[in-house]
Amino acid sequence: MHNPPAEPFFLDASPGKRFCLYHPPTGDMPLNQAFIYLHPFAEEMNKSRRMAALQAKAFAAAGVGVLQIDLYGCGDSDGDSGDATWAIWKEDVAHARQWLIHEGFASVHFWGLRLGALLALDYARDQEEENDPVKFVLWQPVINGKSFLTQFLRLRMVNELMSEDAGKASNIQGLRERLGVGESLEIAGYMLSPVMAAAIDELKLDQLTVRNGEIYWFEITPDAGRGLSPAGVSVVEKWNQTGVFPKVELMPGLPFWATQEISECPELVAATVKPFAGVSS
């Protein structure tokens, strides 16, 4: 049975509208469970579109609906990247969840890639007392927001070093100081506001504990047999101490969110859908 085509639409939010793609469950399967897909940051979002589409179709074929949402200032949604804030993005998640509930889904879960994984956990942590148990699919979650932001700022340095005026290239401390006094920065075609930078800096995966749910953590490694990074192991250990026991699975493959050419990891798609096959039956 072929998947029905994804349904594009604009979701009313504030401010403006958000572009969404809805993947309904295949055939006559009931509207039992659905995932909200939360994309990664900046250019990682574009690099990941192919894999996101493949996974959404796999979920739909297994009877699980998927709503892909372009967050404020991203993709085809309203707003500029420099005006986006973490708080607005959390509101976007709330709008997406309410849309799925209105459509009739009994349970709404979260699937996030890279920084999107932290957004999913941060949103759900705030709502935990109100919501039923949820499931989280975390693809290559960012471990530490400050380290992630530093890597992003390095893109600005690389671009400056390659320019004709390389002698005036910035350094990380200088860029952070400019953010600290309220200046927005253009980095690899994206505007980064001081408000967003400060929010990302504060994010730490080991502090985003959600006890009322199941966590499926998937990591791509450069080669077979390699384990979770020391930083990842530390997160799992700290979560375990609070009663959170994620199911972690690793597989060799290319980091599709960062490769020069668009790449795929079919093994990741197969592994991700496996725990949810038949959930709507």
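In every chain, residue numbers begin from 1 and rise along the written sequence. Local features in a predicted model are, by the rule used here, given only for residues with pLDDT of at least 70; side-chain atom pairs are given and counted only at 80 or more, and totals for whole chains, interfaces and linings are based on all residues. Only heavy atoms go into the side-chain values, all of them from the structure, while hydrogens and water stay out.

Regarding the sheet that holds strand E2 (residues 17–23)
One open sheet holds the eight strands; their spatial order is E1-E2-E4-E3-E5-E6-E9-E10, and the pairing between them is mixed. Since the sheet does not close on itself, it has two edges, and those belong to strand E1 (7–12) and strand E10 (247–252), each with one partner. This sheet shows a mean twist of 20 degrees between the axes of neighbouring strands, independent of strand direction. Of the pairings in the sheet, the one linking strand E6 (residues 134–139) to strand E9 (residues 213–221) comprises six bridges and is parallel in character. From the neighbouring strand, Trp139 faces E9, where its bridge partner is Phe218. Residue contacts are defined here by distance: any two heavy atoms, one from each residue, within 4.5 Å place the two residues in contact. Every angle, taken between N-to-C directions, lies between 0 and 180 degrees, and every axis is a line fitted to C-alpha atoms, over only the stretch in contact when it is a helix. The secondary structure listing takes helices from DSSP runs of H or I that are at least 4 residues long and strands from runs of E that are at least 2 residues long, numbered from the N terminus. In the packing of helix H2 (residues 49–61) onto the sheet, the strands contacted are E2, strand E3 (33–38), strand E4 (64–69), strand E5 (107–113) and E6, and the crossing angle to E4 comes to about 155 degrees. With respect to the sheet, helix H3 (residues 86–103) is in contact with E1, E2, E3, E4 and E5, its orientation differing from that of E3 by roughly 155 degrees. Being paired, for any two strands, means DSSP has found at least two bridges between them.

Here's the deal with helix H8 (residues 230–241)
For a helix, the expected span equals 1.5 Å multiplied by the residue count minus one. An ideal rise of 1.5 Å per residue puts 16 Å on twelve residues; H8 measures up with 17 Å between its terminal C-alpha atoms. Summary of the burial criterion: residues with accessible area below 20% of their type's maximum are buried, those above 50% are exposed, and those between are partly exposed, where the area comes from a 1.4 Å probe applied to protein chains only. Among all positions of H8, only Gly232, Val235, Val236 and Trp239 are buried. Projected down its long axis, H8 shows its buried positions confined to an angular sector of 95 degrees, all on one face. Turned more than 90 degrees from where H8 packs its buried face, Pro230 and Gln241 sit exposed. Of the surrounding elements, those touching the buried residues of H8 are helix H4 (115–127), E6, E9 and E10. Trailing H8 by a residue or two, Gly243 shows a phi angle of about 90 degrees, which is positive. Note that the arc is computed from the directions linking the helix axis to the C-beta atoms.

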